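Examination of the molecular architecture
Each chain, written out:
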Amino acid sequence: MNKELLKGLVEQINLELQSAYIYFGMASYLEESGFAGFSHWMKVQVKEEVSHAMRIYDFLQERGEHIEMLPFEKVDVDYDSVLDVWEKSLVHEKFITASIDKLANLAFDLKDFSAMGMLQWFVDEQVEEEDHFGGAVAQLQMAEGKGSTMLMLDREFGRREG
Ligand SMILES: [Fe+2]
Ligand SMILES: [Fe+2]
């Protein structure tokens, strides 16, 4: 595999796991704020991000590539509110989308068709991710932090499967 593409995919594994770590921090903040349902939603997301890392890992293993394990960054867990958590998570997902698009573009330029196929899954997944996170931001904005509505949303988010 092209060295630059391999480097980018190895970095993407790290980014997916870093995402899991960021969402773990968010889950912890939400739990400590007394919102078990919101926290549950984030913990489901943690598992999803680990599965994203695993998908690239499996692909690189199948291609017989060596995977370097990179360090993680410390995660800040100071949030102002539940809405602040989801606004920041949406910004993070947009950053991830840009990273995936860059990789897909590189694989395309290199005519690495199997990498393109693998990355197409992520391109589609990011559309879904931004829709999920954006939808949550919209719901939380409408709730305006009102107690009864927040408790209702907490219950609803607590029903996320996974
Ligand atoms: Fe992801
Ligand atoms: Fe994600």
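Residues numbered from 1 in each chain as written. Chains lettered and ligands numbered in written order. Predicted model: local features only at pLDDT ≥ 70, side-chain atom pairs only at ≥ 80, totals over all residues. Heavy atoms only, no water.

**Remarks on the packing of helix H1 (residues 3-32) against helix H4 (residues 113-143)**
This is how it is decided: Note on method: axes are straight lines fitted to C-alpha atoms, helices fitted across the in-contact stretch only, with angles between N-to-C directions ranging 0 to 180 degrees. For helices the rule is a DSSP run of H or I covering at least 4 residues; for strands it is a run of E covering at least 2, with both sets numbered from the N terminus onward. Angles below 35 degrees are treated as roughly parallel, those above 145 as roughly antiparallel, those between 65 and 115 as roughly perpendicular, and all remaining angles as oblique. With the far helix as reference, a near helix turned anticlockwise by less than a right angle produces a left-handed crossing, and one turned clockwise produces a right-handed crossing. Residue contacts are counted whenever heavy atoms from the two residues lie within 4.5 Å of one another. In this count, Pro and Cys sit with the nonpolar residues alongside Ala, Val, Leu, Ile, Met, Phe, Trp and Tyr, while Asp, Glu, Lys and Arg are called charged and the others, Gly among them, polar.
Their axes nearest at 14 Å, the elements H1 and H4 cross at an angle of 25°. In terms of axis orientation, H1 runs roughly parallel to H4. Crossing geometry of H1 relative to H4 is assigned as left-handed. Seen from H1, the contacting residues are Leu5, Leu9, Glu16 and Tyr23; seen from H4, they are Ala115, Met118, Leu119, Phe122 and Phe133. For the contact of H1 with H4, the residue count by class is eight nonpolar, no polar and one charged.

**Structural notes on the packing of aromatic side chains**
Worth spelling out the cut-off: Think of it this way: a Phe, Tyr or Trp ring, Trp meaning its six-membered ring, pairs with another when their centres are within 6.5 Å, and the plane angle makes it stacked under 30 degrees, edge-to-face over 60, tilted otherwise. Categorising residues by exposure relies on relative accessible area from a 1.4 Å probe, with only protein chains included: less than 20% of the type maximum marks a residue as buried, more than 50% marks it as exposed, and the intermediate range marks it as partly exposed.
Per the counting criterion, the structure on display carries 10 aromatic pairs. Ring geometry for Trp41 versus Trp86: centroids 5.2 Å apart, planes at 70°, classification edge-to-face. Of the two residues, Trp41 is situated in helix H2 (residues 36-62) and Trp86 in helix H3 (residues 82-109); the sequence distance between them amounts to 45 residues. Assigned by exposure class, Trp41 and Trp86 land together as buried.

**So, the coordination of the iron ion (ligand 1)**
Threshold: Only nitrogen, oxygen and sulfur atoms within 2.8 Å of the metal, or 3.2 Å for Na, K and Ca, are treated as donors, and water is left out, so sites may look incomplete.
Glu16 (OE), Glu49 (OE) and His52 (ND1) make up the full set of protein donors to the iron ion (ligand 1), lying at 2.0 to 2.2 Å. Separating the iron ion (ligand 1) from the iron ion (ligand 2) is a gap of 3.1 Å, which Glu49 spans by donating to each of them. Here the residue Glu16 occupies a position in helix H1, and Glu49 occupies one in helix H2, the gap between them amounting to 33 residues. Accessibility assignment for this pair places Glu16 and Glu49 in one class, buried.

**Notes on the coordination of the iron ion (ligand 2)**
To keep things clear, this is the line we draw: Only four donors with every angle between 85 and 135 degrees are called tetrahedral; only four or six donors with opposite donors over 155 degrees apart and all others between 65 and 115 are called square planar or octahedral, in that order; all others are irregular.
Protein-derived coordination of the iron ion (ligand 2) comes from Glu49 (OE), Glu93 (OE), Glu93 (OE) and Glu129 (OE), at a distance range of 2.2 to 2.7 Å. Relative to the metal, the four donor atoms surrounding the iron ion (ligand 2) lie at angles of 51 to 151°, and the coordination shape comes out irregular. One chain supplies every donor for the iron ion (ligand 2), spaced along it as E-x43-E-x35-E.

**Details of a nonpolar patch on the surface**
How we decide: Patches draw on residues past 30% relative accessible area with no salt bridge. Two like charges within 9 Å are joined, as are two nonpolar side chains (Val, Leu, Ile, Met, Phe, Trp, Tyr) within 5 Å. Each accessible area is a Shrake-Rupley estimate made with a 1.4 Å probe; only the visible protein chains count as cover when residues are assessed. Just to be clear on terms, a salt bridge is a Lys or Arg side-chain nitrogen sitting within 4 Å of an Asp or Glu carboxyl oxygen.
Side chains of Val50, Met54, Tyr57 and Met69 sit close together on the surface and give an oily, nonpolar patch of about 370 Å² of accessible area. Summarising the element assignment, Tyr57 is placed in helix H2. Exposure remark for Tyr57: the relative accessible area of 31% places this residue in the partly exposed category.

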